[in-house]
Structures are given as structure tokens and as C-alpha cells.
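Analysis of the macromolecular model
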Amino acid sequence: QTGIWVKISLLKDASNLAGETIGGNCTNIDRGEEWGWVRAVLLEGNLKSQDGDLRLRVEDDDSAYNRLTLPISRSLLQRHSVRLSKSDSKKADKLVQSSEGIDAIVMANQFPRADQEAQHESVLPPDDLVTLTHLHEPALVYSLEKRFEANQIYTDTGAILLVVNPFKQLEELYSDNTMCEYFNQGQFMKIKAGDKKLPPHVFATA
């Protein structure tokens, strides 16, 4: 089973089409709180192929679609993946046939599961999102959310520093001791305890 992210708009249409075959439960879902993407696993089909339909199961505790299994036709996937203006209509056939045009379903990054936390030093997304295997909109939003929950409000994306408002005081984050650590790292490119780089911080940009 392959971890994936799926656009909510695609799930809406797929659930409406499959409503009769799965008992109609999906037609009563309140979708007002969905943010645009949900996590799922691919049960059948191949994203890299242009042939054959797909079958997936939503596995996202934050989604009203959680645990819903749906068939996704290739034509429906292509319709949600390709957005063309009238001026680009001549390019439609080329884009529909290109695997690069399919973006309504994207690959998910693999992080340790909750029951494996004790076996790993960290289960957070990396300090630098450029190191992710798959970097796209849902990967970025999900990574920032998980780091925010752990009070890691700074995240690197290459040379760019992203920051999320913590909406609370994080006194140690801006203490004199923290400032000295980043000053020392800037001077010697490493901290006294070893060669491990300090986490992203606005102090590291000074």
C-alpha cells in the first residue's frame, strides 16, 4: 500500500459517483472543515501508468472521509488534475496524456508511525523541507502543522526560512542562551557539543 495525498475536490466527485455502491454514507458527509487535501493509501492501480482505474482508502483522522474506500476512474483523475484556460485548449490532449499533468493525487512522505516513536530520535518532519522525498503543497502544510504542534515554529526550505505564529510565549526560543548558541554556530559552523547543526531560527539568519 502506497501513502498518498488526495485533493478534496476529487474525493467529492468520486464519493458522489460511488454513493449508491457504498450505501450512500458519503453523501451525508459534512465537508465544511476540509482544508484541501486528505491522506490516503493506494489499494489498487499505478499512479505512474496512464491505464487502469485506481482504488484508495482515506486514512486521515482529521477528515470526514476517514476510512472511506473509493474507486477513482482515470478519466475523473485527469479531469481534476488538468486546469486549462480557453487559450490553452489546444494543449489539452498533450497535457492529459502526460503523467506530469496528474496532480490531484500526489505521493506522501513516509514518517515513523506513532507506535515507533520510542525507536526514533525524532518523528517530526525534517528541519529543511528540501530534504523531503516529495515536496508539494500538502507535504509543506502537513510538515508545518506537525512542527507547530511541537513548538518548532521555524522551518527551512533551502535558503528560505518559514515561520508560523505560535500564538503563545516561547521564552526559551529567544533567551540569551539561545542567542549565544546561534552566535557560536555562526562563528564556528558548529555547536560546542558536536557537529550537529542547530534547528532553524531567525538568529541563524543574522
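Here, every reference points to the structure presented above.
Anyway, here's the lowdown on the structure attached to this text. (Residues numbered from 1 in each chain as written. Predicted model: local features only at pLDDT ≥ 70, side-chain atom pairs only at ≥ 80, totals over all residues. Heavy atoms only, no water.)

Observations concerning the packing of aromatic side chains
- The full count for this structure, using the stated rule, is three aromatic pairs.
- Centre to centre, the rings of Tyr174 and Phe203 are 6.1 Å apart; their planes meet at 85°, and the pair counts as edge-to-face. Of this pair, Tyr174 sits in the loop between strand S7 (160-163) and helix H5 (176-188) while Phe203 sits in the segment after H5, and the two are 29 residues apart along the sequence.
- The exposure class of Tyr174 is partly exposed, given its relative accessible area of 41%.
- Its relative accessible area of 22% is what places Phe203 among the partly exposed residues.
- Through pairs of rings, three or more aromatic residues link up here, namely Tyr174, Tyr182 and Phe203. (Phe/Tyr/Trp six-rings, centres within 6.5 Å; stacked < 30°, edge-to-face > 60°. Helix = DSSP H or I, 4+ residues; strand = E, 2+ residues; numbered from the N terminus. Buried < 20%, exposed > 50% of the residue type's maximum accessible area, 1.4 Å probe, protein only.)

A closer look at the pattern of salt bridges
- Evaluation of the coordinates by the stated rule reveals six salt bridges.
- In this structure, the salt-bridge partner of Arg39 is Asp60, at a minimum N-O distance of 3.2 Å. One end of the pair, Arg39, is in strand S2 (residues 37-44); the other, Asp60, is in the loop between strand S3 (54-58) and strand S4 (69-72), with 21 residues separating them in the sequence.
- Here Asp60 falls in the buried class, since its relative accessible area comes to 4%.
- Put simply, Arg57, Glu59 and Arg67 are held in one network by salt bridges that share partners. (Salt bridge = Lys/Arg side-chain N within 4 Å of Asp/Glu carboxyl O.)

Digging into the sheet that holds S3
- On the basis of which strands lie adjacent, the open sheet formed by five strands has the order S4-S3-S2-S1-S5 and antiparallel pairing. Two strands in the sheet have a free side with no partner beyond their single neighbour: S4 and strand S5 (105-107). Sheet twist, expressed as the mean angle between neighbouring strand axes with direction ignored, is 40°.
- Judged from the four bridges that link them, S3 and S4 form a sheet pairing that is antiparallel. Across the sheet, Arg57 pairs through a bridge with Thr69, a residue of S4.
- Relative to S4, helix H1 (residues 8-18) is tilted by about 95°, and along the sheet it contacts strand S1 (2-7), S2, S3, S4 and S5. (Pairing = 2+ DSSP bridges. Axes fitted to C-alpha atoms, helices over the stretch in contact; angles between N-to-C directions. Contact = heavy atoms within 4.5 Å.)

Remarks on the packing of H1 against helix H2 (residues 74-81)
- It is at 10 Å that the axes of H1 and H2 come closest, and there the two elements cross at 150°. Taken as axis vectors, H1 and H2 run roughly antiparallel relative to one another. Here H1 and H2 pass one another in a crossing that is right-handed. Here H1 contributes Ser9, Leu10, Asp13, Ala14 and Leu17 to the contact with H2, which in turn contributes Leu76, Leu77 and His80.
- Grouping the amino acids of the contact of H1 with H2 by side-chain chemistry returns five nonpolar, two polar and one charged. (Parallel < 35°, antiparallel > 145°, perpendicular 65-115°, else oblique. Left-handed = near helix turned anticlockwise from the far one by under 90°. Nonpolar A, V, L, I, M, F, W, Y, C, P; charged D, E, K, R; others polar.)

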